[in-house]
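Chains, contacts and geometry: an overview
Single-letter residue listing:
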Amino acid sequence: PSKYQPYRTSYHFQPPKNWINDPNGPMVYRGIYHLMYQYNPKGAVWGHIVWAHSTSTDLVNWTPHDPAIYPSQPSDINGCWSGSTTIMPWGTPVILYTGINPQNQQVQNLAMPKNLSDPYLIEWVKLPNNPLMAPSSLNQINASSFRDPTTAWLGPDGTWRVLIGSKTDRRGLAILYRSKDFITWIKSQQPLHSAKDTGMWECPDFFPVLINSKLGVDTSTLGPDVKHVLKVSLDDTKYEYYTIGTYNPDKDIYVPDHGSVESDLGLRYDYGKFYASKTFFDSLKNRRILWGWLNESSIPADDIKKGWAGVQAIPRTIWLDKSGKQLVQWPIAEIEKLRGQQVHLPQQVLKGGLSLEVSGVTAAQADVVISFKVSDLGKAEVLDPSWTNPQALCSKKSASVKGSLGPFGLLVLASKGLQEYTAVFYRIFKGQNKYVVLMCSDQSRSSLNNNNDKTSYGAFLDVDPVHEELSLRSLIDHSIVESFGGGGKAVIAARVYPTLAIDGKANLHVFNNGTENVKITSMSAWSMKKAQIS
Ligand code: FRU
């Protein structure tokens, strides 16, 4: 790896070197949080995959261990791919994961802790009778599209269920298996859910959320006060979509509330770069936590030069919005203990066309929280009915395109002369019968290095700007800008690689490139301390 490392993170999880992808089997066991993840011990590109393993007491500082699972038996000799842990009713964790066998078929295997009195669960043993689920001519499963078992859940009938991602032709499938003993698994005739033309469903996740509560519940929880969430990661586009719906445990089917939306306009946890995510129930704090992988936006040759690729997003607490129509996410509270020196801006009006530089904060490593209030919405630009795709609208109307109500927001990782910056901002439009708030993360000017992918990202935010303030929080970490709009109703993570706006040369601004004034009702920025990561 090169000595020059301006893009390594300070508080987002990453190992010292090499390639990482999906978070695997996150859990809490005997007061210790475990994160395992797809890892290539041999280099900065994907291949030779094992489950690397780290533990933590606070989800912020991490201790690395030896890989928990690595190729060692025929059923995983060509790779140990993604999977999940399930905590048995008596407290023991069990891993189900995808192994690649000598024929390069995808099969499902089981591993158990060797020593349950070790809270770090350093050693894992695999069942000698692996694989427990395999493609065959009888079950008509596609051997190259059969992977990523979910956390299993226990039905009221005493039977376990688990989902495996798959497809037949272009139809994405959440294949359902059932078991009485967690070892003999029988495929259900019907998938839990499927959708045409979506391609392979990677890393499915299926879990209950409470109605009208931010608290999380165990994955097996059923009842009138829960809804269910099904998330899939689409291999074709590398976007994730989720639906909220109803799970019928008798028929073992899941019905999304609003059609079968796994499409361009479906709901996403994150409208930027965030993939192969997975939740777990944190029984220590009764919350559900979401982990997700942030891939690089640089080219593989540059990844090889820097010696690493991939980071994990900050774990996010996730719950059902009071509308019942979407999920809300917020960085775990523990991350706030890294907040150091705080800078605060007094309440003020930011005139159209003006910007403010925020000094006194380590802008390459910061947590920034700001709220805006707009008083005169009459001037809002009319939303063209053809502007239905927020990402396309954000790239058409980048931060440098003047508007009336917006763009206003933050310029982060900005160089002194603004040759480089990443802009995270809002625009307010007048829609058919309501105002429409667009949130953008504009990477188009993030780096002078044109090898990087500088795609802009965008989301529509379900906030009423007439009655509510528009809040924005950005976690900035050298090559990561992870932004939470509207208190977590829309999230956008981006990877950026400034060449000038590095470390001490990175700056932070608040800007308003609209013609109308906006009021900054509150603004705080914290320099973030370094976490113990590797
Ligand atoms: C998702 C994925 C999974 C697979 C793993 C292999 O990023 O492709 O479907 O199990 O990565 O590393």
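Position numbers for residues count from 1 along each chain, tracking the sequence in the order it is written. Two thresholds apply to this predicted model, a pLDDT of at least 70 for residue-level local features and 80 or more for giving and counting side-chain atom pairs, whereas whole-chain, interface and lining totals are computed over all residues. Water and hydrogen atoms were dropped before computing side-chain values, which therefore reflect all heavy atoms in the structure.

**Notes on the overall build of the protein chain**
The helix and strand labels rest on DSSP assignments: H or I over at least four residues marks a helix, E over at least two residues marks a strand, and numbering proceeds from the N terminus. Summing up its helical and strand segments, the protein chain has two helices and 38 strands in all. The dimensions of the protein chain, computed from C-alpha atoms along their principal axes, are 70 × 55 × 40 Å. Throughout this description, buried means an accessible area under 20% of the type-specific maximum (1.4 Å probe, protein chains only), exposed means over 50%, and partly exposed covers the range between. Across the 534 residues of the protein chain, 62% fall into the buried class. Should any heavy atoms of two residues lie within 4.5 Å, those residues are considered in contact. Taking all contacts inside the protein chain whose residues are at least 6 apart in sequence as the whole, residues at least 24 apart take part in 63%.

**Quick notes on the state of the cysteines**
Cysteine sulfur atoms that come within 2.5 Å of each other are treated as a disulfide pair. In the structure shown here, the tally under the stated rule is one disulfide. Of the cysteine sulfurs around Cys80, a residue in no disulfide, the closest is that of Cys203, at 15 Å. With relative accessibility at 0%, the residue Cys80 sits in the buried group.

**Things to note about the pairing of strand E34 (residues 470–477)**
Across the eight residues that make up E34, a large majority, seven, are buried. Two elements, strand E28 (residues 365–373) and E34, share eight bridges in a ladder whose sense is antiparallel. Bridging across to E34, Val369 finds its partner in Arg473. Two strands are said to pair when DSSP picks up at least two bridges between them. Here five bridges tie E34 to strand E35 (residues 480–485), and the two strands are oriented antiparallel to one another. Pairing of Leu475 across the sheet is with Glu482, part of E35. Count of turn residues in the E34/E35 antiparallel hairpin: two residues, of which His478 carries a positive phi of about 65°.

**Some thoughts on the site of the ligand**
Close contacts around the ligand come from Asn21, Asp22, Gln38, Trp46, Trp81, Ser82, Arg147, Asp148, Glu202, Tyr275, Ala276 and Trp293, and that covers them all. What qualifies as a polar contact is a pair of N or O atoms within 3.5 Å, subject to a donor-acceptor requirement within protein and to the restriction that residues adjacent in sequence count only when both atoms come from side chains. Between Asp22 and the ligand, the recorded distance is 2.8 Å, taken from a side-chain N or O atom to an oxygen atom. Within the side chain of Asp148, an N or O atom sits 2.6 Å from an oxygen atom of the ligand. Shrake-Rupley sampling with a 1.4 Å probe provides the accessible areas, and residues are treated as covered by the protein chains on show and by no other component. For the ligand, the accessible surface in isolation is 320 Å², of which the surrounding protein chains cover 93%. Elements that contribute at least two residues to the shell around the ligand include exactly strand E1 (18–29), strand E5 (80–87) and strand E19 (275–282). A single heavy atom is enough: if one lies within 4 Å of a molecule or strand, its residue is considered near that molecule or strand.

**Describing the sheet that holds strand E6 (residues 93–100)**
The four strands lie next to each other as E5-E6-E7-E8, forming an open sheet whose pairing is antiparallel. Every interior strand has two partners, whereas the edge strands, E5 and strand E8 (124–126), have only one. Across the sheet, the axes of successive neighbouring strands diverge by a mean angle of 30°, strand direction being ignored. Comment: axis = line fitted to C-alpha atoms, over the contacting stretch for helices; angle = value between 0 and 180 degrees taken between N-to-C directions.

**Observations regarding the pairing of strand E15 (residues 201–210)**
The buried fraction of E15 is high, at ten of ten residues. Sheet analysis places E15 next to strand E16 (residues 226–234), joined by eight bridges and oriented antiparallel. Opposite Glu202, over in E16, you have Ser233 as the bridge partner.

**Focus on the pattern of salt bridges**
In what follows, salt bridge is the name for a side-chain nitrogen of Lys or Arg lying within 4 Å of a carboxyl oxygen of Asp or Glu. On inspection of all chains with the given rule, the structure shows 30 salt bridges. Between Arg287 and Asp282 there is a salt bridge, and its shortest N-O distance comes to 2.8 Å. No difference in accessibility class separates Arg287 from Asp282, as the two residues are buried. Note that Glu296 is salt-bridged to Lys306, the shortest N-O span being 3.1 Å. With Glu296 in the loop between strand E20 (287–294) and helix H1 (300–306) and Lys306 in helix H1, this pair connects stretches of sequence that are ten residues apart. Judged by relative accessible area, Glu296 falls into the buried class, the value being 5%. Residue classification places Lys306 among the buried residues on the basis of a relative accessible area of 7%. Through salt bridges with shared partners, one network takes in Arg147, Glu202, Asp235 and Lys238.

**Overview of the confidence of the model for the protein chain**
Averaged over every residue, the pLDDT of the protein chain is 96; residues scoring 70 or more account for 99%. Interface confidence for the predicted complex, expressed as ipTM, amounts to 0.99; the pTM equals 0.98. For every residue, the predictor reports its confidence as pLDDT, a number between 0 and 100.

**Points about the sheet that holds E1**
Spatial ordering of the open sheet is given by E4-E3-E2-E1-E21, a layout of five strands whose pairing is mixed. Whereas interior strands pair on both sides, the edge strands pair on one side only; in this sheet they are strand E4 (63–69) and strand E21 (308–309). Where E1 and strand E2 (residues 32–40) come together, seven bridges link them in antiparallel fashion. Bridge assignment links Tyr29 to a residue of E2, and that residue is Ile32.

**Observations concerning the environment of Gly352**
Relative to the helices and strands, Gly352 is located in the loop between strand E26 (348–350) and strand E27 (355–358). In sequence terms Gly352 and Gly403 are 51 residues apart; their C-alpha atoms lie 9.5 Å from each other. Residues contacting Gly352, with those up to four places away along its chain left out, are Asn512, Gly514, Thr515, Glu516 and Asn517.

**Here we look at unusual backbone geometry**
With an omega of 0°, the peptide bond running from Asn130 to Pro131 counts as cis. Relative to the assigned elements, Pro131 resides in the loop between E8 and strand E9 (146–147). Cis rather than trans, the peptide bond between Gly406 and Pro407 has omega equal to 5°. In this structure, Pro407 sits in the loop between helix H2 (390–396) and strand E30 (408–414).

**A closer look at the packing of aromatic side chains**
Two rings from Phe, Tyr or Trp (for Trp, the six-membered ring) form a pair when their centres are within 6.5 Å of each other. A pair whose planes differ by under 30 degrees is stacked, one over 60 is edge-to-face, and the rest are tilted. Scanning the entire structure with this criterion turns up 24 aromatic pairs. Ring centres of Phe13 and Trp62 lie 5.7 Å apart, and the angle between their planes is 80°; on these two criteria the pair is classed as edge-to-face. One end of the pair, Phe13, is in the segment before E1; the other, Trp62, is in the loop between strand E3 (50–56) and E4, with 49 residues separating them in the sequence. We note that Phe13, like Trp62, is buried.

**Some remarks on the environment of Asn130**
By the secondary structure assignment, Asn130 is in the loop between E8 and E9. Classification of Asn130 as buried rests on a relative accessible area of 11%. Sequence separation between Asn130 and Ala111 is 19 residues; the distance between their C-alpha atoms is 9.1 Å. Filtering out sequence-adjacent residues up to four positions away, Asn130 remains in contact with Gln73, Ser75, Asn109 and Leu110. Polar contacts involving the side chain of Asn130 include one to the side chain of Gln73, which spans 2.9 Å. Only 3.2 Å separates the side chain of Asn130 from the backbone oxygen of Leu127, close enough to count as a polar contact.

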